[in-house]
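The residues making up each chain are set out below.
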Amino acid sequence: MRRILLLLALVGCKDDSNPDETGLVGDDTDGPVEEIDQDGDGVVAADDCDDTDPNAYPGNIETPYDGVDNDCDESTPDDDLDGDGFGQADDCDESDPAVNPEANEACNGIDDDCDGEIDDAVGDLWYADVDGDGYGDPEAATESCEGASGTVADNTDCDDTRSDVFPGGEEVCDELDNDCDATVDEGATTTFFQDLDGDGHGDVDFTTEACARPTGYADGDQDCDDADAAVNPDAAELCDGIDNNCDGTVDEDTATDAATWYVDTDGDGYGDATSPLTACAQPSGAVADSTDCDDGEATTNPGADEYCDSVDNDCNGLVDDGAAVDGDTWYADSDGDGYGDAAATTVSCSRPSGYIADDTDCDDGDGAVFPGADEYCDSVDNDCDGTADEDDALDADTWYADSDGDGYGDATATTASCSRPSGYIADDTDCDDGDSAIFPGADEYCDSVDNNCDGTVDEDSALDADTWYLDGDGDGYGDAASTTAACARPSGYSAVDTDCDDSASSVNPGASEVCDSLDNDCDGVADDGVLGSGATCPASDCLEILTDQPSAADGPYVIDVYSTPTTLTCDMTTDGGGWTLVFEDDFESTPDSGWDLQTTYYCGSFSTILGGYNIIARGEISNTIDLLGLSHTEAWVEAEYIKLDSWDGETAYIDADSTNIWYASLYYYEGAEVCGWNRGYNGSYDSETYVSGTLAHSASTLTFVAGSTLDQGAGDESFGIDDVAIWVR
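Since this is a predicted model, take the numbers as computed values, not measurements.

## Some remarks on the overall build of the chain
Of the regular secondary structure elements, the chain holds two helices and 32 strands. Taking 729 residues into account, the globule formula puts the C-alpha radius of gyration at 27 Å, and the chain, at 68 Å, lies well above it. With the principal axes as the frame, the chain shows a C-alpha extent of 200 × 125 × 45 Å. The proportion of buried residues among the 729 residues of the chain is 37%. Across the chain, every contact between residues at least 6 apart in sequence was considered, and the portion connecting residues at least 24 apart equals 37%. Put simply, the chain shows about 38,400 Å² of open surface, and 47% of that area lies on carbon and sulfur atoms. Of the side-chain charges in the chain, 12 are positive and 192 negative, and the distance between the mean point of each set is 20 Å.

Structure representation (structure tokens):
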């Protein structure tokens with residue numbers, strides 16, 4: 001506002017009544033001179049910095065950024081309004097000459113030096129306090145008007161990474177200068193004692209000061225031999241002539257390996273177990289043995305003889321036992337039959353239980369065997385007479401004569417014995433002991449004789465009985481699964497067993513095979529030789545037909561397609577034959593709906609093709625074809641590729657499931673004007689190429705692709721396809 005008022009005041013002072021008027025100034029030497037003010041701004045040209053612009057004259061108010069030096073003052077150009085020597089592009093405040101890029105920054109809340117930062121690089125020094133202990137790092141100082149977060153005015157911290165290290169801190173034994181006095185661990189160490197033998201106990205004469213126990217030192221000072229790790233206050237005392245536990249005594253009776261000794265009062269060399277002594281060396285009147293049972297009697301000890309005197313002489317815990325040198329001999333009667341075993345004796349001062357004075361038992365393990373017992377057929381000498389199983393044994397068997405040696409005896413000729421006598425057997429069922437071929441269980445034959453003694457002649461089980469087969473349908477052929485045996489043929493049976501269906505008289509080995517899903521001739525295969533000839537005997541594919549009928553001709557056959565009998569074409573000769581035609585399209589009618597191009601073209605003698613002039617040039621024609629669910633391992637692709645017009649070596653190709661079947665570079669003059677179109681220059685040259693190729697394949701669909709790399713439009717060069725056929729095998 002101040003500048004606007006000053007401008008109005010200056011304008012008001014001017015005389016604008018006649019802007020074209022000029023003033024005359026006298027000159028003492030040259031006379032009057034005409035003063036010029038061309039722009040009429042009240043300032044003559046000699047004093048005006050621009051006499052063509054009434055807005056530029058000395059003393060005028062500077063108008064910002066109008067491209068004019070309004071006040072004719074070079075120190076205040078048009079873009080340096082505050083006259084500090086910096087224009088608008090560099091000055092961040094044109095209203096204050098104290099603010100410019102060369103000004104010194106002050107703590108005043110202003111960006112004095114126009115560097116984008118307020119109050120930077122001025123003020124006091126502040127020091128980083130990273131560990132937050134209130135003492136700053138003298139090596140990490142910053143200058144600012146106010147200290148930033150994490151800084152302090154103090155700079156006396158000697159380690160700003162640890163909050164437990166600062167001036168005046170408590171010194172602890174941690175190998176750190178906790179109080180920043182340049183001395184480590186003063187007054188905080190512990191005295192440790194040298195432990196040369198590593199037994200955990202130190203020598204009182206050799207010490208060191210440290211915060212933690214150094215290697216080779218111990219906390220205690222009670223080791224009496226620091227050269228022997230086995231000698232220390234915690235060691236066990238041993239009988240070894242050494243003060244092992246440093247208690248001042250050697251080999252005391254409490255040594256862990258001190259022996260136990262026993263008092264031997266009677267001097268027989270055997271000690272009393274109730275009077276033990278412990279010592280490293282054997283005490284007088286004591287022995288190591290503790291087995292004496294009477295230490296007051298020298299003749300009683302474990303090494304003495306036992307006598308029948310009511311004393312346990314040998315200290316075995318038994319009085320007058322069998323070991324007595326003056327005892328009687330007794331015989332074991334283990335089976336309690338009153339007869340003793342001469343081989344099982346014992347010596348005792350009195351008869352022991354289970355023993356007797358007799359020694360005549362021949363088997364002391366069986367109470368039924370003894371002298372005078374009843375004899376039995378048991379391979380045992382029951383009566384101890386030296387003979388086993390005599391014929392008069394109470395349980396001797398009855399045996400029957402087997403005169404014909406067939407293993408069956410005559411019930412009318414007998415004898416008794418524990419074992420079978422020669423010519424006798426235990427059986428008595430022979431019905432004719434004069435014929436060795438006749439006996440119970442013998443094979444029955446169709447011979448009018450009761451061979452097996454069962455009372456029946458020539459039964460059906462006769463060994464040589466014939467096998468007969470049920471002929472349920474009466475066609476003269478029997479069922480091998482329904483048999484009977486008989487010496488003569490039963491009614492309704494046949495001697496032939498080759499019928500494979502005994503419920504149908506039209507099915508038997510003599511019948512002819514027909515297409516009815518039956519194995520008419522019983523050769524194990526239904527409809528063989530006629531497979532694929534009708535809806536009732538469809539084949540799984542053409543290869544199955546060729547396997548069934550090796551001489552089968554090309555042509556239509558009935559194939560099972562998705563469980564529906566369907567007539568398909570079979571190629572029985574190409575590459576071994578067995579190919580099934582699953583797709584064909586000659587484009588004479590509407591193309592198959594699967595083709596991605598549906599436009600056809602009539603091409604003269606080539607007939608109707610898919611594609612052609614003005615339809616397709618560069619690109620592809622494709623169709624993903626359903627292979628009718630037929631299982632296969634190969635696919636055979638046939639097609640006619642039509643080149644239209646004169647190509648310049650571009651590539652034509654046919655692929656099947658990304659496998660290339662055919663490709664070729666086609667050229668200008670190949671072919672003739674088949675489609676009847678003449679483009680004028682040298683005519684048009686069309687050609688047809690028969691393409692045939694096979695590939696390994698098992699998928700349920702096959703994608704057929706025909707394409708070209710033509711670089712002309714379809715109105716010039718083009719292609720098409722015809723007579724596409726897909727076979728599988």
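Having seen the model, we can carry on.
## Examining the sheet that holds strand S6 (residues 190-194)
As summarised here, the arrangement of the three strands in space is S7-S6-S8, forming an open sheet in which the pairing is antiparallel. This sheet does not close on itself; its edge strands, each paired only once, are strand S7 (203-210) and strand S8 (217-218). As judged from the five bridges shared by S6 and S7, these two strands associate in the antiparallel manner. Its bridge partner lying in S7, Phe-193 is registered against Thr-207.

## With respect to the nonpolar core
With 49 residues, the main nonpolar core has Tyr-641, Phe-704 and Ile-726 as its most contacted residues. Dropping the residues within four chain positions of it, Ile-726 is found in contact with Thr-580, Leu-581, Val-582, Phe-583, Ile-625, Leu-627, Trp-636, Val-637, Leu-702 and Phe-704. By size, the runner-up hydrophobic cluster in this structure holds seven residues, among which are Cys-603, Tyr-613, Ile-642 and Leu-644.

## Re the pattern of salt bridges
Per the stated rule, a full pass over the model turns up three salt bridges. For Asp-575, the salt bridge goes to Arg-729, with nearest N and O atoms at 3.3 Å. Highlighted residues: Asp-575 in the loop between strand S22 (564-571) and strand S23 (579-585) and Arg-729 in the segment after strand S32 (718-728), separated in sequence by 154 residues. Because the salt bridges share partners, they merge into one network encompassing Asp-575, Glu-634 and Arg-729.

## What about the state of the cysteines?
Taken as a whole and judged by the stated rule, the model has 16 disulfides. Between the sulfur of Cys-158 and that of Cys-180 lies a disulfide, 2.0 Å long from S to S. Note on the Cys-158 and Cys-180 pair: the S-S dihedral is about -80 degrees, so by sign convention the disulfide is left-handed. Here Cys-158 is found in the loop between strand S5 (151-152) and S6, whereas its partner Cys-180 is found in the loop between S5 and S6, with 22 residues between them in sequence.

## A few points about the pairing of strand S9 (residues 259-263)
The pairing of S9 with strand S10 (residues 276-279) spans four bridges and is classified as antiparallel. Residue pairing in the sheet places Thr-260 in a bridge with Thr-278 of S10. Two elements, S9 and strand S11 (residues 286-287), share two bridges in a ladder whose sense is antiparallel. Looking across to S11, one finds that Tyr-262 is bridged to Val-287.

## Some details on the confidence of the model for the chain
Counting all residues, the mean pLDDT for the chain is 85, and 94% of those residues have values of 70 or more. Here residues 1-31 is modelled with pLDDT under 50, and outside its nearest four sequence neighbours on either side it reaches 29 contacts, counting other chains as well.

## As for the packing of aromatic side chains
Per the stated rule, a full pass over the model turns up 13 aromatic pairs. Taking 5.2 Å as the distance between ring centres and 25 degrees as the angle between the ring planes, the aromatic pair formed by Trp-636 and Trp-727 counts as stacked. Residue Trp-636 is located in strand S27 (residues 634-644), and its partner Trp-727 is located in strand S32; the two are separated by 91 residues in the primary sequence. Note on Trp-636: relative accessible area 6%, which makes it buried. The class for Trp-727 is buried, based on a relative accessible area of 9%. Linked through ring pairs, Phe-583, Phe-587, Trp-595 and Phe-704 together constitute an aromatic cluster.

## Thoughts on the sheet that holds strand S16 (residues 410-417)
Read from one edge of the open sheet, three strands run S16-S15-S17, paired in antiparallel fashion. Since the sheet does not close on itself, it has two edges, and those belong to S16 and strand S17 (424-425), each with one partner. Inspection of the sheet shows strand S15 (residues 397-401) paired to S16 by five bridges, in the antiparallel sense. Bridge pairing in S16 links Trp-399 to Thr-415.

## Some points on unusual backbone geometry
Unlike most non-glycine residues, Asp-389 shows phi in positive territory, near 60 degrees. As for its position among the elements, Asp-389 is in the loop between strand S14 (355-356) and S15. Of the residues examined, Asp-389 reaches a relative accessible area of 22% and is grouped as partly exposed. With a phi angle near 60 degrees, Cys-453 is a residue other than glycine that sits in the positive phi range. Tracing the chain through its elements places Cys-453 in the loop between S17 and strand S18 (466-470).

What counts and how
Residues numbered from 1 in each chain as written. Predicted model: local features only at pLDDT ≥ 70, side-chain atom pairs only at ≥ 80, totals over all residues. Heavy atoms only, no water. Helix = DSSP H or I, 4+ residues; strand = E, 2+ residues; numbered from the N terminus. Rg over C-alpha atoms; globule rule 2.2 N^0.38 Å. Buried < 20%, exposed > 50% of the residue type's maximum accessible area, 1.4 Å probe, protein only. Contact = heavy atoms within 4.5 Å. Areas by Shrake-Rupley, 256 points an atom, 1.4 Å probe, with all protein chains shown as cover. Lys, Arg positive; Asp, Glu negative; His and termini not counted. Charge placed at Lys NZ, Arg CZ, Asp CG, Glu CD. Pairing = 2+ DSSP bridges. Core = buried A, V, L, I, M, F, W, Y, C linked by side-chain atoms within 4.5 Å. Salt bridge = Lys/Arg side-chain N within 4 Å of Asp/Glu carboxyl O. Disulfide = S-S within 2.5 Å. pLDDT = per-residue confidence, 0-100. Phe/Tyr/Trp six-rings, centres within 6.5 Å; stacked < 30°, edge-to-face > 60°.

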